[in-house]
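Here is what each chain is made of, one letter per residue.
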Amino acid sequence: MIRILRGAAPEPNLREAARYAGVKGDPAQILPLLEDCKKELLPALSPVACYDIFDICAGESLDLGFAKVKSRALCKNLAGCKKIALFAATVGAGADRVILKYRALSPSRALFLDALASAAAESWCDEVNAEIVAQFKGGRPRFSCGYGDLDITLQRDIFAALSVTKNIGVTLSDDCFMTPVKSVTAIIGLYDD
Amino acid sequence: MTIETLFKKDIIYLDGGFGTMLQAAGLKAGENSADWNFSHPDVVEDIHRQYLEAGADVIAANTFGVNVFRCGERTSEYIKQAIYLAKKASKGYKNRLVALDLGPTGKLLQPLGDLGFEDAVNAFKECVRAGVEAGADLVMIETVSDIYEAKAAILAVKEQCSLPVFATCVFGADAKTMTGSSPEAVAAVLEGLGADAIGLNCSLSPEEMLPVCERFISCASVPVVVKPNAGLPDVTDGSRYTVDEQKFALGMRGIVALGAKIVGGCCGTTPAYIRELIEKTSGMKPAVTQKNLTVVASYTHAVTLGDGLKIIGERINPTGKKRLKEALKNGDTGYILGEAVAQAEAGAHILDVNVGVPGTDEAKLLPAIVREIQTVTDLPLQIDTSSPAAMEAALRIYNGKPLINSVDGKKESMANIFPLVKKYGGAVIALTLDENGIPPTAEGRVAIAKRILSEAAKYGIDKKDIIFDTLATSVAADGGAATATLDALFSIRRGLGANTSLGVSNVSFGLPAREIVNSAFFIAAMQAGLSAAIINPLSHEMIKAYKAFAALSGRDKGCLEYIDYASRVQPTQAIAPSAEKLGEAEKVGEAGLEKCILRGFKERAAEQAAALLKTIPPVEVIEGHIVPALDEVGKGFEEKKIYLPQLMMSAEAAGAAFDVIKRALPAGAVEKKLKIVLATVKGDVHDIGKNIVKSLLENYGFCVLDLGKDVPPEKVLKAAKECGADLVGLSALMTTTVAAMEQTVGLIKSELSECKTAVGGAVITEEYARSIGADKYCADAMATVRYAEQLEEEIKKR
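Since the model is a prediction, treat every value here as computed from it, not as a measurement. (Residues numbered from 1 in each chain as written. Chains lettered and ligands numbered in written order. Predicted model: local features only at pLDDT ≥ 70, side-chain atom pairs only at ≥ 80, totals over all residues. Heavy atoms only, no water.)

Here's the deal with the overall build of chain B
To keep it simple, the criterion reads: We count a stretch as a helix when DSSP gives it H or I for four or more residues in a row; a strand needs E for two or more, and each element gets its number in order from the N terminus. As a reference, a globule follows 2.2 Å times the number of residues to the power 0.38, and the radius of gyration itself is taken over C-alpha atoms. Whether a residue is buried, partly exposed or exposed follows from its accessible area with a 1.4 Å probe, protein chains only, as a fraction of its type maximum: under 20%, in between, or over 50%, in that order. Here, two residues are considered to be in contact whenever any of their heavy atoms come within 4.5 Å of each other. Using a 1.4 Å probe, accessible areas were evaluated by the Shrake-Rupley method; residue-level cover was limited to the displayed protein chains.
In terms of regular secondary structure, chain B is built from 32 helices and 23 strands. For 798 residues, the compact-globule estimate of 2.2 N^0.38 gives 28 Å, and chain B sits close to it at 30 Å. Seen through its principal axes, chain B has C-alpha atoms that stretch 90 × 75 × 50 Å. Taken across its 798 residues, chain B has 56% of its residues classed as buried. Within chain B, contacts between residues at least 6 apart in sequence are counted, and of these 73% link residues at least 24 apart. Summed over all atoms, the accessible surface of chain B reaches about 32300 Å², with 53% contributed by carbon and sulfur.

Some words on the interface of chain B and chain A
Note the following rule: For any pair of parts, buried area is found by adding up, for both, the accessible area (1.4 Å probe) each one loses once the two are put together. A carboxyl oxygen of Asp or Glu within 4 Å of a side-chain nitrogen of Lys or Arg is what we treat as a salt bridge. Pairs of N or O atoms within 3.5 Å make up the polar contacts considered here, provided that, within protein, one atom can donate a hydrogen while the other can accept it, and that residues adjacent in sequence are counted only when both atoms are side-chain atoms.
Counting residues at the interface gives 44 residues for chain B and 39 residues for chain A. Counting each side, the surface lost to burial between chain B and chain A is near 3600 Å², with a carbon and sulfur contribution of 63%. Taken together, chain B and chain A are joined by 2 salt bridges. Across the pair B:Glu372 and A:Arg103 runs a salt bridge, and its minimum N-O distance is 3.8 Å. At the boundary of chain B with chain A, the tally comes to 4 residue pairs in polar contact (both at pLDDT 80 or more). Of all the secondary-structure elements, those providing two or more residues to the side of chain B that touches chain A are helix 14 (333-345), helix 15 (362-376), helix 27 (644-663) and helix 28 (688-699) of chain B. If one sorts the elements of the side of chain B that touches chain A by residue count, helix 27 of chain B sits on top with 6 residues.

Describing the sheet that holds strand 5 (residues 68-69) of chain A
All names here are of chain A. Going by this rule: Strands are treated as partners if at least two bridges between them are detected by DSSP.
Taken in spatial order, the 3 strands of this open sheet run 3-4-5, and their pairing is antiparallel. The open sheet terminates on both sides in strands that have one partner only, identified here as strand 3 (57-58) and strand 5. As judged from the 2 bridges shared by strand 3 and strand 4 (residues 62-63), these two strands associate in the antiparallel manner. Within strand 4, the residue paired with Cys-57 across the bridge is Asp-63.

Observations regarding the nonpolar core
Applicable threshold: Definition of nonpolar core: a set of buried residues of the types Ala, Val, Leu, Ile, Met, Phe, Trp, Tyr and Cys, connected through side-chain atoms within 4.5 Å.
Counting 265 residues, the largest nonpolar core has B:Ile141, B:Phe418 and B:Phe522 as the members making the most contacts within it. When near neighbours in sequence (up to four residues on either side) are disregarded, B:Phe418 contacts B:Val407, B:Val428, B:Ile452, B:Glu455, B:Ala456, B:Tyr459, B:Ile461 and B:Ile466. The next biggest cluster of nonpolar side chains, apart from the first, holds 30 residues, and it includes A:Ile84, A:Cys145, A:Phe159 and A:Ile168.

Some thoughts on the packing of aromatic side chains
Basically, it comes down to this: Classification of ring pairs uses Phe, Tyr and Trp, with its six-membered ring standing for Trp, and accepts pairs whose centres are within 6.5 Å; under 30 degrees between planes counts as stacked, over 60 as edge-to-face, and the remaining range as tilted. Lysine and arginine charges are scored as sitting over a ring when NZ or CZ, respectively, is within 6 Å of the ring centre and within 35 degrees of the ring normal.
Across all of its chains, the model carries 8 aromatic pairs over all chains by this definition. With centroids separated by 5.2 Å and ring planes inclined at 55°, the aromatic side chains of A:Phe54 and A:Phe66 adopt a geometry described as tilted. Taken as a pair, A:Phe54 in strand 2 (residues 48-55) and A:Phe66 in the loop between strand 4 and strand 5 lie far apart in primary sequence, 12 residues in all. Per residue, the accessibility class of A:Phe54 equals that of A:Phe66, and both read buried. Aromatic pair B:Phe38 and B:Tyr78: ring centres 5.5 Å apart, planes at 70°, arrangement edge-to-face. Taken together, the residues span a long stretch of sequence, with B:Phe38 in helix 3 (residues 36-39) and B:Tyr78 in helix 6 (residues 75-90) at a distance of 40 residues. Its relative accessible area of 6% is what places B:Tyr78 among the buried residues. The side chain of A:Arg109 reaches across the aromatic face of A:Tyr102, ending 5.2 Å from its centre.

Section: the domain arrangement of chain B
Applied cut-off: Per the annotation, domain bounds derive from an automatic or database assignment of domains.
When cut into domains, chain B gives domain 1 (3-281), domain 2 (294-538), domain 3 (579-663) and domain 4 (675-797). A separation of 42 Å is found between the C-alpha centroids of domain 2 of chain B and domain 4 of chain B.

Let's talk about the packing of helix 19 (residues 481-496) of chain B against helix 20 (residues 514-528) of chain B
Between two packed helices, what matters for the description is the angle formed by their axes and the separation of those axes. All names here are of chain B. Stated formally: For helices, the fitted line uses only the C-alpha atoms of the stretch in contact; every axis is such a line through C-alpha atoms, and the angle between N-to-C directions lies from 0 to 180 degrees. Note on angle classes: values under 35 degrees are labelled roughly parallel, values over 145 roughly antiparallel, values of 65 to 115 roughly perpendicular, and the remainder oblique. Crossing chirality is assigned from the near helix's rotation relative to the far helix, an anticlockwise turn below a right angle marking it left-handed and a clockwise turn marking it right-handed. The classification used treats Ala, Val, Leu, Ile, Met, Phe, Trp, Tyr, Cys and Pro as nonpolar, Asp, Glu, Lys and Arg as charged, and all other residues, Gly among them, as polar.
Closest axis-to-axis distance for the helix 19/helix 20 pair is 9 Å, and the angle between their directions is 25°. Put simply, helix 19 runs roughly parallel to helix 20. Note that helix 19 runs across helix 20; the crossing there is right-handed. Each of Ala-482, Thr-485, Leu-486, Leu-489, Phe-490, Arg-493 and Arg-494 in helix 19 lies in contact with helix 20, whose residues at this interface are Phe-521, Ala-524, Ala-525, Gln-527 and Ala-528. Each residue belonging to the contact of helix 19 with helix 20 can be placed in one class, and the counts come to 8 nonpolar, 2 polar and 2 charged.

Some details on unusual backbone geometry
Omega for the bond connecting A:Thr179 with A:Pro180 falls within 30 degrees of zero, at -10°, which places this linkage in the cis form. Its place among the elements puts A:Pro180 in the loop between strand 8 (178-179) and strand 9 (183-190). Here the bond from B:Gln110 into B:Pro111 is cis, since omega is 5°, no more than 30 degrees from zero. When you line up the elements, B:Pro111 lands in the loop between strand 3 (97-102) and helix 7 (117-133). Even without being a glycine, B:Thr143 presents a positive backbone phi close to 60°. Counting through the fold element by element, B:Thr143 comes out in strand 4 (residues 138-144). Phi is positive for B:Cys559, close to 55°, though the residue is something other than glycine.

Digging into the environment of B:Ile154
All names here are of chain B. Relative to the helices and strands, Ile-154 is located in helix 8 (residues 147-160). The class for Ile-154 is buried, based on a relative accessible area of 0%. For the pair Ile-154 and Val-139, spaced 15 residues apart in sequence, the C-alpha to C-alpha distance is 9.3 Å. Residues in contact with Ile-154, not counting those within four places in the same chain, are Ile-141, Ala-167, Leu-190, Leu-193 and Ala-195.

Here's what the structure looks like:
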């Protein structure tokens, strides 16, 4: 059964955001600017996620309960797990709006806002991840389409299995890109006993 | 039964969840529910029958989510079968109607997503066509989370048939849709577009929905539809929901009591819920009342006229503005967007948008600029043009309920504009002039206003959607001009009860120190009942008058706004710079333009450039200050001492300084010769890299024509030919689109042998660039700038 989670605006890690923006070394110099961008970004975020739990079965191909895949990397990640959580999470369309606003006005600000929104989405995924795993005896690091040999087209099955568009408003393009852009889908291997 | 008979009922009952019922019958997660119209027609028919038995007046066919993107060529077949089943089930029941159920396309519209507005309209049209052919009695658009998509759907229905249409959106607990629209904005847009009933469905339980319903009903003048969920799926038993039948029906009683006339259920509700709902609410008589609100809206919020003065920013109108004219001719959208943001920050409530410059195609330019402005501000826009074609093109793609500027008392004007006001659901500024010009007296203007009202009524346009402009004209030419305008304004506001607007500054035409006269006239007009003023929100005189009047008229409770304003303004001076900017200046100290560029201080760099221009010639500012600073930054980047964001910030600061200098020189004096066309190739919608390159090139003084993203090879060639490009830069981010890059490079090489090509992007390598015949591989934005500089030198040597 699909569950929906909502949260308060997730706090982005500024140092992480600086790294996403391509700032190497000490980001101290741009931290005030990042703080300023954060002030504009946070009110625009509306984090929401949906997830479901599936029984999995390893065989010739890996049966995830909602789709069968062939992926060595995922098999390795899920070794020892009999269940997975599948989740989709987003910080919402507001982040896209703020980034879009600065596309023409100040591309550098757009770059920082983009990086901050990515960091906020990561924080939100951490929250969602923790909330799900807390219901079990532990979990593996989360794994997403496009990691290793896990095909990006699995997104289509994920979107169908979680009714992602209906439940949290994230849409999938023909090329399997998600909008709002700051959205993540992931599989978490769960330890149940 | 006809829709008229249906609307005579005190309460109209809809059905409940369909997906919920199908899941109980065995529909699996991820399975297309519309498939069941063919695989399990008996089940689908039986669900309809259960809802009819429960007492639903209207049942929705199993067509939710059916569209060309999901069902391809079989779309029409799916819809016809679904309507057939619903009609078959309703045979034998008296007075029941079958609705074509239209859900969202599942794609997000541009600019956030990749679906074009007209593509969305066409996708909905295909469904409507099939629904009409199959005999649907009405169309129910529901579960829409983007108001722009709801607009596309309503337009599709209206352009395809004359069936009644209900439209409902999804709100979260924060009383906003997913794309950020308030209930007031959604109600204004849906009602404006002519939906017969509007409202909300899905996501929330009745209890959670109540406060949103209250706001929605308080501004809707048509019947309101409410279809909540039965709460959330139960954690222990997934087939049950947290709100049971009794609790649901009780919650719905409260919603009907607020005035909701059309009620049903969404996810988790079953025939038992509908039965209980009918039992608990029958006999209630919700009243649908006319609200008489003059409202315009953006995609996020509504602005009500007549409730305190509203400022309409006038700066995006090229009349008398040389810099804006140039920007419009040269496609310099950055400048225009900057004006939009500056006015929004200065406190404008609505922005006027007029792009009428001779030599431009207004019907293309106006919608394009409107679209761009809506990406940088969420203020409602006033679409201002004398061309009906440009007006329609802009109204069609505007996201919200527009303010239309303008109609007047001439027969031709009303025949051109009123149909557009009606179709696209706007409010319109009506000028009190006619074939004989502007009447000199107030009485003459009021008489025209009355004629306009009665003509508008013929199109079904209500007084609330007409805002009269009693036309300020120059007191220098006619001493009685201001009095006539103000008297007419007073009569229309108090006598006719309609809202008013004025282009305030016209009154001082021909006089010196115009702002003194303008601000005095502005105060008099506010006293006479002005609802909206078209003014320059960056003018301190006007804002002073506005703030003072708000305090004097008692609207500014406790004078709080005034006190805040006064703390930042000195009586005879412009607003003092904000603390933030002062901080920036302090950090820089007396250091020059170079330091501002190196540190990436944009505004300070512009100020420094302006200061330097007072002592040294423009070319010296560029050669002696900007270029060396940019060189240092560029080298730092190449030596990996500084990184992309710092490079971009420095470049933007240099760009701001360049802008100041350009204005001091004749047009084209400092521009580089090299003509560059940039595009992200066809199929690729990722343009952040290309935008960085563009910004950097421009800030280094190059002239760039940006074609945007997802650009077909032929379009790149056409643009390159037309502007005589020396360099075409192409970007691709996805492996799937590199083929399109090869095609584009090939086409340019074969048709324009003189033109160079440079390529870049995450998936492009030097080797690949060579293999497709590109002249240059650019690893990053700075490399592109260096290549452009090299080509510029070569051109200069020729």
